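These are the residues of each chain, in order.
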Amino acid sequence: MSNQTQSILRFNNTNRQFYTELKKRVDSYFKENQVSKSGNIGMYLKTVFMFAAYLIPYFLIVFNVFDSQLIWLLLAVLMGFAMAGIGLCVMHDANHGSYSKNVKFNKILGYISISLLGGYSLNWRIQHNVIHHTYTNVHEHDEDIAPPGFMRFEPHSDKKWIHKLQFLYAWFFYGMMTLMWSTTKDFKQLARYNKKGLLKGANTTYGLELGLLIMSKTIYYGYMLVPFFLVKEMSFLQWLLGFVVMNYVASLILAMIFQPAHVVSETEFPLPDDAGSLENHWAEHQMRTTMNFATGDPIFTWLVGGLNHQVEHHLFPTICHMHYPKISKIVENTAKEFNVPYLSRKTFAGALWSHEQMLWKFGRA
């Protein structure tokens, strides 16, 4: 990313009626129904389920309950699914501060849950909460559409010949996400954010966060290596295969949920004018750059942490995802009333296909 990331863009706040009315209606829903915007008993039960789904296979491997290489691999696959579940259903809310009313609890849970994925909480909060949620789909501002140079996620970045093949190979590299988190990405990202002054804005220092980051990675690889040291029959290559498979499954699932929310044929990629101003109010900007999918499937919604309701999430990131299905009608109806786009695909497969179409288009356009 260029240094332009540090410039502050201005949204057009002259037309704020849509968001003002929408916020009023959503607040009224919670007040009239006497419902907290934070997590509920359903959220707590889901958290127990996701952590159990991750830890039970882990301890089955550690204690070598099944002395079989094939079962070890299958358990690693299950851990991969559970890793994604923790990321989507627990970590995401905690690091947004929407899991609990208790700020400290959110911070602790956010740190623990993302560490299980091999990531680092502060980096994620800066990239996702601050940058992505503010400048969604904006060239040289949103890091989520600024991948390594061999991929192209938006129409304003430089195009290379290799991008013509990204509709094929992108899916392979999506599976590398958490492996990158757990090795090099967090260290590079922390140094970059420090250079840009973002750590100071987060009221912390590079030295402190680097120490915490090193400790986080040490604990992560420490408990990850336990099966290799305890299970005498397990070779290092067998351990490495399980570790890679677990991370690959988790990463691919995470990418399949997050990518169709923004890099699809329905969404826009607006550019600021020469004065650094964007055309729309922040809320309408979110509506034009974000898409829902498969919101009519309650099981799918439960499994992906409500993140198929990306529109609702981007408008109200501090509301727990358990409430998104209830407030979605309010958002949709208010959008229609104010003639604001409400982007949505009926099926998950349709959303993935829309993303695939954009990978093809951005490789050629």
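Just so we're clear, the structure is a prediction, and the values are computed from it rather than from any experiment.

With that settled, consider the overall build of the chain. Helix and strand content of the chain: 15 helices and two strands. The C-alpha radius of gyration computed for the chain amounts to 21 Å, which stays within 12% of the reference 21 Å derived for 365 residues, consistent with globular compactness. When each of the 365 residues of the chain is scored for burial, the buried share is 51%. When contacts within the chain are restricted to residue pairs at least 6 apart in sequence, those whose partners lie at least 24 apart make up 73%. By element, 65% of the accessible surface of the chain is carried by carbon and sulfur atoms, the whole surface being about 17,200 Å². On the chain, the mean spot of the 32 positive side-chain charges and the mean spot of the 25 negative ones are 3 Å from each other.

Below, the discussion takes up the nonpolar core. Tyr54, Ile86, Leu88, Met224 and Met246 are the most contacted members of the largest nonpolar core, which totals 51 residues. When contributions to this core are tallied by element, the ones reaching two or more residues are α2 (41-62), α3 (69-96), α4 (103-116), α7 (177-195), α9 (206-230) and α10 (236-258). Per element, the largest residue contribution to this core is 13 residues, and it comes from α3. Discounting chain neighbours no more than four positions away, the residues touching isoleucine 86 are Met50, Phe51, Tyr54, Met91, Ser113, Leu116 and Leu117.

With 14 residues, helix α14 (residues 324-337) extends 20 Å between its outermost C-alpha atoms, agreeing within 8% with the 20 Å of an ideal straight helix rising 1.5 Å per residue. Among the residues making up α14, those that are buried are Tyr324, Ile327, Ser328, Ile330, Val331, Glu332, Thr334 and Ala335. Packing partners of the buried residues in α14 comprise α1 (17-32), α11 (282-289) and α13 (310-315). Following α14 by one or two positions, asparagine 339 adopts a phi angle in the positive range, close to 60°.

Further remarks concern the pattern of salt bridges. All told, the structure shown has 11 salt bridges when counted by the stated rule. Among the ionic pairs, glutamate 284 bridges to arginine 288, the shortest N-O distance being 2.9 Å. Placement of the pair is glutamate 284 and arginine 288 together in helix α11, with a separation of four residues, close to one helical turn. Accessibility expressed as a relative area gives 12% for glutamate 284, which makes it buried.

As a further point, take the environment of histidine 132. Checked against the element boundaries, histidine 132 lands in helix α5 (residues 121-132). In this structure, the C-alpha to C-alpha distance between histidine 132 and methionine 215, residues 83 residues apart in sequence, is 27 Å. If sequence neighbours within four positions are ignored, histidine 132 has contacts with Gln127, Asp142, Asp144, His262 and His314. Side chain to side chain, histidine 132 and aspartate 142 meet in a polar contact 3.1 Å long.

Looking now at the confidence of the model for the chain. Close inspection of predicted coordinates is inappropriate for parts of the model with low pLDDT. Overall, the predicted model of the chain reaches an average pLDDT of 95, with 98% of residues at or above 70. Confidence drops under pLDDT 50 across residues 1-6; counting only partners more than four residues distant or on other chains, this segment forms 15 contacts.

The next thing to look at is α4. For α4, with 14 residues, the first-to-last C-alpha span of 20 Å sits near the 20 Å given by 1.5 Å per residue. Looking only at α4, the buried set comprises Asn106, Leu109, Gly110, Ser113, Ile114, Ser115 and Leu116. Looking at the buried side of α4, the elements it contacts are α2, α3, α5 and α9. Where α4 begins, one side-chain oxygen reaches toward the backbone nitrogen of lysine 104, 3.0 Å away; that side chain belongs to asparagine 102. Downstream of α4 by one or two residues, glycine 118 has phi in the positive range, about 85°.

In this structure the tally under the stated criterion is 32 aromatic pairs. On the basis of an interplanar angle of 75° and a centroid distance of 5.0 Å, the ring pair of tyrosine 29 and phenylalanine 30 is categorised as edge-to-face. You can call tyrosine 29 buried: its relative accessible area is 16%. A centroid spacing of 5.2 Å and a plane angle of 80° characterise the contact between phenylalanine 172 and phenylalanine 173, whose relative ring orientation is edge-to-face. Ring-pair connections join several aromatic residues into one group, and the members of that group are Tyr58, Phe59, Phe63, Tyr220, Tyr221, Tyr223, Phe228, Phe229, Phe236, Trp239 and Phe243.

Another point: the state of the cysteines. If you walk through the whole model with that rule in mind, you get zero disulfides. Of all cysteine sulfurs in the structure, the one in cysteine 320 sits closest to cysteine 89, which takes part in no disulfide; the separation is 10.0 Å. Since its relative accessible area comes to 0%, cysteine 320 is described here as buried.

With that settled, the discussion passes to the side chain of serine 98. When you line up the elements, serine 98 lands in the loop between α3 and α4. Those residues in contact with serine 98 that sit more than four places away from it in its chain are Lys37, Ser38, Gly39, Asp93, Asn106, Pro317, Thr318, Ile319 and Cys320.

All right, on to unusual backbone geometry then. With a phi close to 50°, asparagine 64 is a non-glycine residue in the positive phi region. Non-glycine residue alanine 294 carries a positive phi angle of around 50°.

About the cut-offs
Residues numbered from 1 in each chain as written. Predicted model: local features only at pLDDT ≥ 70, side-chain atom pairs only at ≥ 80, totals over all residues. Heavy atoms only, no water. Helix = DSSP H or I, 4+ residues; strand = E, 2+ residues; numbered from the N terminus. Rg over C-alpha atoms; globule rule 2.2 N^0.38 Å. Buried < 20%, exposed > 50% of the residue type's maximum accessible area, 1.4 Å probe, protein only. Contact = heavy atoms within 4.5 Å. Areas by Shrake-Rupley, 256 points an atom, 1.4 Å probe, with all protein chains shown as cover. Lys, Arg positive; Asp, Glu negative; His and termini not counted. Charge placed at Lys NZ, Arg CZ, Asp CG, Glu CD. Core = buried A, V, L, I, M, F, W, Y, C linked by side-chain atoms within 4.5 Å. Expected span 1.5 Å × (residues − 1). Salt bridge = Lys/Arg side-chain N within 4 Å of Asp/Glu carboxyl O. Polar contact = N/O pair within 3.5 Å; in protein donor to acceptor, adjacent residues only side chain to side chain. pLDDT = per-residue confidence, 0-100. Phe/Tyr/Trp six-rings, centres within 6.5 Å; stacked < 30°, edge-to-face > 60°. Disulfide = S-S within 2.5 Å.

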